[in-house]
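Breakdown of the fold
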Amino acid sequence: MIDRKIGIFSFFSGAGFLDLGFEQNGFHTLFVNEFHQPFADIYSGSRNKMNISGPEYGINVKSIENYLASTDLNTLKSNLADARKQHDLIGFIGGPPCPDFSVAGKNKGRSGENGKLSGSYVELINKLNPDFFLFENVKGLYRTKKHRAFFDELKNKLISNNYYLTERLVNSIEYGVAQNRDRIILIGFKRNLLSDLGFVLNGSPIIQNFDWFKHTSYNKDDVFKYNWPGLDPFRPDSITNMPEGIPEELTVQHWFIQNDVSNHNNSEHYFKPRAGLKRFVEIQEGDDLKKSYKRLHRWRYSPTAAYGNNEVHLHPYKARRITVAEALAVQSLPSDFIIPEDISLTNMFKSIGNGVPYLLSSGLAKTILDFLFDNPIKDVKESHAKINSI
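Residues numbered from 1 in each chain as written. Predicted model: local features only at pLDDT ≥ 70, side-chain atom pairs only at ≥ 80, totals over all residues. Heavy atoms only, no water.

Things to note about the overall build of the protein
A tally of helices and strands in the protein yields 13 helices and nine strands. Taking the principal axes of the C-alpha coordinates as reference, the protein spans close to 60 × 40 × 40 Å. Going through the 390 residues of the protein one by one, you find that 58% of them count as buried. Considering only residue pairs separated by 6 or more positions, the protein has 73% of its internal contacts joining residues 24 or more positions apart. Accessible surface, the protein: about 17,000 Å² in total, of which carbon and sulfur atoms supply 46%. Both charge centroids of the protein, one from 47 positive and one from 44 negative side chains, sit 6 Å from each other. (Helix = DSSP H or I, 4+ residues; strand = E, 2+ residues; numbered from the N terminus. Buried < 20%, exposed > 50% of the residue type's maximum accessible area, 1.4 Å probe, protein only. Contact = heavy atoms within 4.5 Å. Areas by Shrake-Rupley, 256 points an atom, 1.4 Å probe, with all protein chains shown as cover. Lys, Arg positive; Asp, Glu negative; His and termini not counted. Charge placed at Lys NZ, Arg CZ, Asp CG, Glu CD.)

Right under this line is the structure:
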């Protein structure tokens, strides 16, 4: 825990997985913005069950673009000024909707309705000047040439506003999540914050000594080299032993057991087939390479948790889709995180698939704290790298 009070303003909050990782490490969520009312209902309902107090400035259900207009912008400025009276630092965190940058999604980029929101988030950061921010998105924004150009433009705008930046393409599996999920994380700190904390600023806006690996549990390349099991025949309610030489924490079965998914409040929340069960029994355990109807392997990690449109994830050894409880376990949520039962199944699964895995969020929160307050090297280290080659 930390001895400084750090407040968080959260945008594109969804069910609040990202916020929860920060909250469990001493940050205080003060303001929440979410466009979709059912997700906001999940946010408030899940926290009520966990006895977590609601944000001081409320859960605000509207588009982030509203805050670029005068009335809502002034309200947010007032909230921010008030928060600074009681907190040492204020940070913005958020992951703008990403289908427009996903190769598997709309791929419209900056011109898409969702793509525009990334620009709005950066514009709001530059208008309100939080001490630090976190920006999360899909790897397509980082690796696809036309999207990367937009990403570089956003970073240059932040640099022009005196933010020092660090970025990395992370994989959730590095943080102990049983899921292969790549995401680009961009983190920025205000120049005056770093100066006040005693950092030596050498002129480059690119931070070189941010230890991204301090709170990771695994090396991604090493993980993928393990002798993971391949395909096994689907055997309903079968019991198999874990293969030797693989990390149990990174298996679906480990998380099903740890979260006691069979007795979880969301254990009966799953889509039932309208037709017969043929497709639910003919797919082998571990066959997760298809575009749809992927069957998880109990002794392997899950593919990226994506439960919308036509992507269907099947239980390893039951003739059905996975439940909400099981999906939450794949996202490494604590076992006491419960989605209210009056939420539709579509919104339950969509909110889970959109969320940042809890252990990844927690690891990022710890890394930010250690960089600022437990960093033996107070030199951001000058680098002559161009912004478009970070």
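Focus on the side chain of E174
As for its position among the elements, E174 is in the loop between β6 (163–171) and β7 (182–190). Using a relative accessible area of 4% as the deciding quantity, one classes E174 as buried. Apart from the residues within four sequence positions on either side, E174 is in contact with R168, T216, S217, Y218 and K220.

As for the sheet that holds strand β2 (residues 28–33)
As summarised here, the arrangement of the seven strands in space is β3-β2-β1-β4-β5-β7-β6, forming an open sheet in which the pairing is mixed. Of all strands in the sheet, those bounded by a partner on one side alone are β3 (59–60) and β6. Here six bridges tie strand β1 (residues 6–11) to strand β4 (residues 89–94), and the two strands are oriented parallel to one another. Opposite I6, over in β4, you have L89 as the bridge partner. Contacting β1, β4, β5 (132–138), β6 and β7, helix α13 (residues 358–373) runs over the sheet at an angle of about 30 degrees to β7. (Pairing = 2+ DSSP bridges. Axes fitted to C-alpha atoms, helices over the stretch in contact; angles between N-to-C directions.)

Examining the packing of aromatic side chains
Per the counting criterion, the structure on display carries 26 aromatic pairs. With a centroid separation of 6.0 Å and an interplanar angle of 50 degrees, the aromatic rings of F11 and Y121 are classed as tilted. Highlighted residues: F11 in strand β1 and Y121 in helix α4 (residues 115–128), separated in sequence by 110 residues. With respect to burial, F11 and Y121 carry one shared label: buried. Relative to W228, the ring of Y226 has its centre 6.1 Å away and its plane inclined at 85 degrees; by these criteria the two rings are edge-to-face. (Phe/Tyr/Trp six-rings, centres within 6.5 Å; stacked < 30°, edge-to-face > 60°.)

Focus: the confidence of the model for the protein
Here the protein averages 92 in pLDDT, while 92% of its residues score no lower than 70. Here residues 382–390 scores under 50 on pLDDT; set against residues more than four positions off or in separate chains, the count is 17 contacts. (pLDDT = per-residue confidence, 0-100.)

Here we look at the side chain of N347
Inspection of the secondary structure puts N347 in helix α12 (residues 345–354). Polar side-chain contacts of N347 include one of 2.9 Å to the side chain of H36. (Polar contact = N/O pair within 3.5 Å; in protein donor to acceptor, adjacent residues only side chain to side chain.)

Concerning the packing of helix α2 (residues 37–49) against α12
Following both chains from N to C, one finds α2 and α12 inclined at 75 degrees, their axes separated by 10 Å at the closest point. Here α2 lies roughly perpendicular to α12, going by the angle between them. Mapping the contact onto sequence places P38, F39 and I42 in α2 and N347, M348, K350, S351 and N354 in α12. Taken together, the residues of the contact of α2 with α12 break down into four nonpolar, three polar and one charged. (Parallel < 35°, antiparallel > 145°, perpendicular 65-115°, else oblique. Nonpolar A, V, L, I, M, F, W, Y, C, P; charged D, E, K, R; others polar.)

Details of the pairing of β6
By the criterion of burial, β6 is predominantly enclosed, with nine of the nine residues buried. Residue alternation in β6 divides its side chains into two sets, Y163, L165, E167, L169 and N171 and Y164, T166, R168 and V170, and both sets are buried. In this structure, β6 lies alongside β7, joined through nine bridges in antiparallel fashion. Residue pairing in the sheet places Y164 in a bridge with F189 of β7.

Brief notes about the packing of α4 against helix α6 (residues 145–160)
The N-to-C vectors of α4 and α6 enclose an angle of 10 degrees; their axes lie 10 Å apart at closest approach. Here α4 is positioned roughly parallel relative to α6, judged by the angle of their axes. Contact residues: α4 offers G115, S118, G119, V122, I125 and N126, while α6 offers F150, L154, K157 and L158.

Some details on α4
The first and last C-alpha atoms of α4 sit 21 Å apart over 14 residues, in line with the 20 Å expected at 1.5 Å per residue. Burial analysis of α4 places 10 of its 14 residues in the buried class, the great majority of the element. For α4, the complete set of buried residues consists of G115, L117, S118, S120, Y121, V122, L124, I125, N126 and L128. Close packing links the buried residues of α4 with β1, α3 (70–86), β4, β5, α6 and β6. (Expected span 1.5 Å × (residues − 1).)

Things to note about the environment of T240
Within the secondary structure, T240 sits in the loop between α8 (220–225) and α9 (252–258). Distance from T240 to L364, taken between C-alpha atoms, is 35 Å for residues 124 residues apart in sequence. In contact with T240, other than residues within four places in its own chain, are R235, R298 and W299. Among the polar contacts listed, one links the side chain of T240 to the side chain of R298, at a separation of 3.5 Å. Within the local environment of T240, its side chain forms a polar contact with the side chain of W299, the two groups lying 3.0 Å apart.

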